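Overview (structure and organization)
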2 protein chains.
Amino acid sequence: MKKSLGATTILAPAPTWVIGTFDANGRANAATIAWGGICCSKPPCVAISMRAATLTHGNIMARRAFTVNIPSEDLVRQADYFGIASGRDVDKFAATGLTPVKSELVDAPFVGEFPMVVECTVLHVVEIGLHTQFIAEILDIKADESVLAEGGLDIAKLRPIVFAASGRTYHGLTKSIGPAFNVGRCYIAEKP
Amino acid sequence: MKKSLGATTILAPAPTWVIGTFDANGRANAATIAWGGICCSKPPCVAISMRAATLTHGNIMARRAFTVNIPSEDLVRQADYFGIASGRDVDKFAATGLTPVKSELVDAPFVGEFPMVVECTVLHVVEIGLHTQFIAEILDIKADESVLAEGGLDIAKLRPIVFAASGRTYHGLTKSIGPAFNVGRCYIAEKP
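Below is a short write-up of the structure. Computed from a prediction, not measured in an experiment: that's the story for all the values here.

Here we look at the overall build of chain A
For chain A, the count of helices and strands is four helices and 15 strands. A compact globule built from 192 residues would reach a C-alpha radius of gyration of about 16 Å, and chain A, at 18 Å, matches this within 12%. Every one of the 192 residues in chain A was classed for burial, and the buried ones make up 59%. Relative to all contacts within chain A whose residues are 6 or more apart in sequence, the contacts with residues 24 or more apart total 59%. For chain A, the exposed area adds up to about 7,600 Å²; of that, 52% sits on carbon and sulfur atoms.

A few points about the relation of the copies chain B and chain A
Each copy of the sequence occupies a distinct position, and chain B is placed on chain A by a rotation of 180 degrees and an axial shift of 0.0 Å, giving an RMSD of 0.0 Å. Taken together, the rotation angle and the small translation identify this as a two-fold axis. A shared interface surface links the copies, since 100% of the contact residues of chain B are contact residues in chain A too.

Concerning the pattern of salt bridges
Taken as a whole and assessed by the stated rule, the structure comprises 12 salt bridges over all chains. With a closest N to O distance of 3.0 Å, Asp144(B) and Lys2(A) form a salt bridge. On the criterion of chain membership, the pair formed by Asp144(B) in the loop between β11 (131-143) and β12 (148-149) and Lys2(A) in the segment before β1 (3-6) is interchain, its members lying in two chains. Accessibility expressed as a relative area gives 18% for Asp144(B), which makes it buried. For Asp23(B), the salt bridge goes to Arg27(B), with nearest N and O atoms at 3.8 Å. A residue is classified by how much of its surface remains accessible, and Arg27(B), at 35% relative accessible area, is partly exposed. Taken together, the shared-partner salt bridges connect Glu119(A), Asp140(A) and Lys142(A) into one network.

Some thoughts on the sheet that holds strand β2 (residues 14-15) of chain B
With antiparallel pairing, the six strands of this open sheet are ordered in space as β2(A)-β14(A)-β15(A)-β15(B)-β14(B)-β2(B). With one partner strand each, in any of the chains shown, β2 (14-15) of chain A together with β2 of chain B form the two edges of the open sheet. Pairing of strand β15 (residues 169-179) of chain A with strand β15 (residues 169-179) of chain B, which is carried by seven bridges, proceeds in the antiparallel orientation. Note that in β15(B) the partner of Thr169(A) across the bridge is Pro179(B).

Description of the packing of aromatic side chains
Counting across every chain of the model gives 12 aromatic pairs over all chains. Here the aromatic rings of Phe82(B) and Phe114(B) are separated by 6.4 Å at their centres, their planes lie at 40 degrees, and the arrangement is tilted. Linking Phe82(B) in helix α2 (residues 76-84) with Phe114(B) in the loop between β9 (109-111) and β10 (116-127), this pair joins segments that are 32 residues apart in sequence. Comparing Phe82(B) with Phe114(B) shows no difference in burial state: the two are buried. Pairwise contacts between aromatic rings join Tyr81(A), Phe82(A), Phe93(A), Phe114(A) and Tyr187(B) into one cluster.

Considering the interface of chain B and chain A
Between chain B and chain A, the contact holds 99 residues from the first and 99 residues from the second. Here chain B packs against chain A, burying approximately 8,200 Å² in sum over the two surfaces, 66% of which is carbon and sulfur. Counting across the chain B and chain A interface gives two salt bridges. Summed over the shared surface of chain B and chain A, the number is 52 residue pairs in polar contact (both at pLDDT 80 or more). Among the elements that take part in the side of chain B that touches chain A, β15(B) stands out by supplying 11 residues, more than any other. Along the lines of polarity and charge, the residues of the side of chain B that touches chain A split into 58 nonpolar, 27 polar and 14 charged. Judged from the three bridges that link them, strand β11 (residues 131-143) of chain A and strand β1 (residues 3-6) of chain B form a sheet pairing that is antiparallel. Its bridge partner lying in β1(B), Lys142(A) is registered against Ser4(B).

Some words on the side chain of Lys142(A)
The residue Lys142(A) is located in strand β11 in this model. A polar atom in the side chain of Lys142(A) sits 2.5 Å from the side chain of Glu119(A). With residues near it in sequence (within four places) discarded, Lys142(A) still touches Leu105(A), Pro115(A), Met116(A), Val117(A), Glu119(A), Lys2(B), Lys3(B) and Ser4(B).

Here we look at the state of the cysteines
As enumerated under the stated definition, the model contains zero disulfides over all chains in all. Here Cys40(B) stays free of any disulfide, with the sulfur of Cys45(B) as its closest cysteine sulfur at 5.0 Å.

What about the pairing of β11(A)?
Residues and elements named next belong to chain A. Of all 13 residues making up β11, 11 are buried, and the element is well covered by its neighbours. One ladder, built from seven bridges, connects strand β6 (residues 45-51) with β11; its direction is antiparallel. Looking across to β11, one finds that Ile48 is bridged to Phe134. As consecutive antiparallel partners, strand β10 (residues 116-127) and β11 are separated by three residues.

Regarding unusual backbone geometry
For residues besides glycine, phi is generally negative; the peptide bonds are generally trans as well. Of note, the amide linkage connecting Lys42(A) to Pro43(A) takes the cis form, showing an omega dihedral of -5 degrees. One can find Pro43(A) in the loop between β5 (36-40) and β6. One non-glycine residue with positive phi stands out, namely Arg159(B), at about 50 degrees. Tracing the chain through its elements places Arg159(B) in the loop between α4 (155-158) and β14 (162-164). Taking the relative accessible area as the measure of exposure, Arg159(B) reaches 38% and is therefore partly exposed. In this structure, Phe181(B) takes a positive phi of about 60 degrees despite not being glycine. Structurally, Phe181(B) can be placed in the segment after β15. For Phe181(B), a relative accessible area of 32% puts it in the partly exposed group.

Definitions and cut-offs
- Just so you know, the residues in each chain are numbered from 1, in the order the chain's sequence is written.
- All chains are assigned letters beginning with A, and all ligands numbers beginning with 1, in the order in which they are written.
- Note on the predicted model: pLDDT of at least 70 is required for a residue's local features to be given, and 80 or more for side-chain atom pairs to be given and counted; whole-chain, interface and lining totals, by contrast, use all residues.
- Only hydrogens and water are set aside when side-chain values are computed; all heavy atoms of the structure are taken into account.
- Numbered from the N terminus, helices here are DSSP runs of H or I no shorter than four residues, and strands are runs of E no shorter than two.
- With the radius of gyration taken over C-alpha atoms, the globule rule is written as 2.2 Å times the number of residues to the power 0.38.
- Per-residue accessibility, obtained with a 1.4 Å probe over protein chains only, is compared with the maximum for each type, and a residue is labelled buried under 20%, exposed over 50%, and partly exposed between these values.
- Here, residues are in contact when the closest pair of their heavy atoms is within 4.5 Å.
- Where accessible areas are quoted, they stem from the Shrake-Rupley method and a 1.4 Å probe; at the residue level, only the protein chains shown are allowed to cover.
- The copies were overlaid by least squares, fitting only the C-alpha atoms of residues that reach a pLDDT of 70 or more in each copy.
- Within this document, salt bridges are pairs made up of a side-chain nitrogen of Lys or Arg and a carboxyl oxygen of Asp or Glu, the two lying within 4 Å of each other.
- Here, a strand pair is defined by DSSP locating no fewer than two bridges between the strands.
- Side-chain rings of Phe, Tyr and Trp (the six-membered ring for Trp) are treated as a pair once their centres are within 6.5 Å; stacked means planes under 30 degrees apart, edge-to-face means over 60, and tilted covers the remaining angles.
- What gets called buried area is simply the loss in accessible area from a 1.4 Å probe that two parts show on being joined, summed for both.
- Here a polar contact means two N or O atoms within 3.5 Å. Within protein one must be a hydrogen donor candidate and the other an acceptor candidate, and residues neighboring in sequence count only if both atoms are side-chain atoms.
- Here the term charged refers only to Asp, Glu, Lys and Arg, the term nonpolar to Ala, Val, Leu, Ile, Met, Phe, Trp, Tyr, Cys and Pro, and the term polar to all other amino acids, Gly among them.
- Whenever a pair of cysteine sulfur atoms sits within 2.5 Å, that pair is classed as a disulfide.

Geometric values such as these leave the question of function open.
Structural data, given as structure tokens:
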């Protein structure tokens, strides 16, 4: 017998992603979100949601571009701070000592020290309620050599952070518990 | 110096969620997705993306409802199978021995043995490209007592599964690496 927990947003897992934008004065800002995910394979698109009250929301509406910066576990304090402070009150790059780098592809900065950055241009703006959803095309992904293996991304080196909304905690990933599109083959009946 | 990986969908982490729907004949289907995430806090909404070619896409277009079923690590084989097989070819519940349970809130079934289920009704349909995005309001979340602690969800008991698109592997979560809205406070300057 399942127990009702009500209508909440405690679905798991959620990502921990830092959104990079420029404000009206060209100053770089970084803001952490957990409401987002990939939403299309072709074109490759990501969806992120922001409250209209945030600086980042206004920046995206004006510039139609942003970056998604993926922290590794050792950047959890910086990523958390980017979700606590507002760029209206403080220069978050200066406060953390991290480096804003202007993207050459989109009108947004990325966080130089973050191991993986995703350059995005907005395709759709969906007003849902408290949050506005931005659906954006991924133009490129750039990653440090330190998180690559054989030319591709190595998740064990990237060590991305999961946000668990239920208890408001961050988590790393365990080693693989199985290959996708494979471990379920045990349920495929053999043809006679 | 970062290396370009091109325009792909290897952002991490991604969820491993199973979507429950009824087809035109009222038969229950379950399909696994990784393209989704929370997209609004008020009303609480989740976004999931499906290819138009899938049975689930047609089921959601017709019924305007679905469930999100969150597997624990020990259900990884069943969750993977739900993403390999098509409900057009086989009864996936019968193949896995899992139980479709009709939701009393929405016109969709949930997976009885999954520890956490989310009942959703569609608010917006966004055509992006290969994938259609369904933005749906969360009407209720139901969970087994086995994943609760002090009345709320315990992520350490739920043990949700992360999908890493880069290497197509599944992962569990580590213990907490820090409390959110807290570990970043070290960067907040003290006021004089």
